[in-house]
Amino acid sequence: MLFYLASTLATLLKFSGAAVAVGGVGYFGFHFIAENGRSAQRGESAVPAKAWQGAGARKGLRIIGVGVLLLIASFLVALVLPDVPVA
């Protein structure tokens, strides 16, 4: 029973971690592109520091970090499971 729960937890962490990380990339990208668009409308040709260091970009990077932590937790839970081939 313990191995079944650990297997279910590992699978849940794996898929939720991947989904959270992809969502974080989207959130970061949205804010990064929006800030670059505002910079281009002002006639600036360089990428502004706010695109990387703004509140939206930092939050997106934190979301990506949470997704990575979930994936690492999935890996650590999977280490507990025995290597039993499923027939």
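Placed above this text is the structure.
On a predicted model such as this, the values are computed, not experimentally measured, just so you know.

(A) Geometry of the overall build of the protein. If you tally the helices and strands in the protein, you get 3 helices and 0 strands. In sequence order, the secondary structure elements of the protein are arranged as α-α-α. In terms of overall size, the protein is more extended than a compact globule, its C-alpha atoms giving a radius of gyration of 19 Å where 87 residues would be expected to give roughly 12 Å. The principal-axis extents of the C-alpha atoms in the protein amount to approximately 60 × 20 × 15 Å.

(B) Fine view of the packing of helix 1 (residues 2-41) against helix 3 (residues 55-80). Interhelical geometry of helix 1 versus helix 3 gives an angle of 160 degrees and a closest axis separation of 7 Å. Classified by the angle between their axes, helix 1 and helix 3 sit roughly antiparallel to one another. In this structure, the crossing between helix 1 and helix 3 has a hand that is left-handed. When grouped by side-chain class, the residues that make up the contact of helix 1 with helix 3 number 22 nonpolar, 9 polar and 2 charged.

(C) Examining the packing of aromatic side chains more closely. In this structure the tally under the stated criterion is 3 aromatic pairs. Residues Phe 28 and Trp 52 carry aromatic rings whose centres are separated by 5.8 Å and whose planes lie at 45 degrees to one another, so their mutual orientation is tilted. Placement of the pair is Phe 28 in helix 1 and Trp 52 in helix 2 (residues 49-53), with a sequence separation of 24 residues. Classification of Phe 28 as buried rests on a relative accessible area of 14%. Following the ring pairs from residue to residue traces out a cluster consisting of Phe 28, Phe 32 and Trp 52. For the cation-ring pair, Lys 14 lies above Phe 15, with the distance from its terminal atom to the ring centre recorded as 5.8 Å.

Calculation criteria
- Per chain, residue numbering runs from 1 following the sequence as it is written.
- Where totals are concerned, whole chains, interfaces and linings use all residues; where local detail is concerned, this predicted model gives features only for residues with pLDDT of at least 70, and gives and counts side-chain atom pairs only at 80 or more.
- Neither water nor hydrogens contribute to the side-chain values; these are computed over all heavy atoms in the structure.
- The numbering of helices and of strands both runs from the N terminus, where a helix is a DSSP run of H or I of at least 4 residues and a strand a run of E of at least 2.
- As defined in this context, the radius of gyration uses C-alpha atoms, and a globule is described by 2.2 Å times the residue total to the power 0.38.
- Lines are fitted to the C-alpha atoms to define the axes, a helix being fitted only along its stretch in contact, and any angle between axes, read from their N-to-C directions, falls within 0 to 180 degrees.
- Between 65 and 115 degrees an angle is taken as roughly perpendicular, under 35 as roughly parallel, over 145 as roughly antiparallel, and anywhere else as oblique.
- Crossing handedness is read from the near helix: turned anticlockwise from the far helix by less than a right angle, it gives a left-handed crossing, and turned clockwise, a right-handed one.
- Polarity classes work like this: nonpolar for Ala, Val, Leu, Ile, Met, Phe, Trp, Tyr, Cys and Pro, charged for Asp, Glu, Lys and Arg, and polar for all others, with Gly in that last group.
- Classification of ring pairs uses Phe, Tyr and Trp, with its six-membered ring standing for Trp, and accepts pairs whose centres are within 6.5 Å; under 30 degrees between planes counts as stacked, over 60 as edge-to-face, and the remaining range as tilted.
- Only protein chains enter the accessibility calculation, which uses a 1.4 Å probe; a residue is then buried when its area is under 20% of its type maximum, exposed when over 50%, and partly exposed in between.
- Sitting over a ring, as applied to charges here, requires NZ of Lys or CZ of Arg to be within 6 Å of the ring centre and within 35 degrees of the ring normal.

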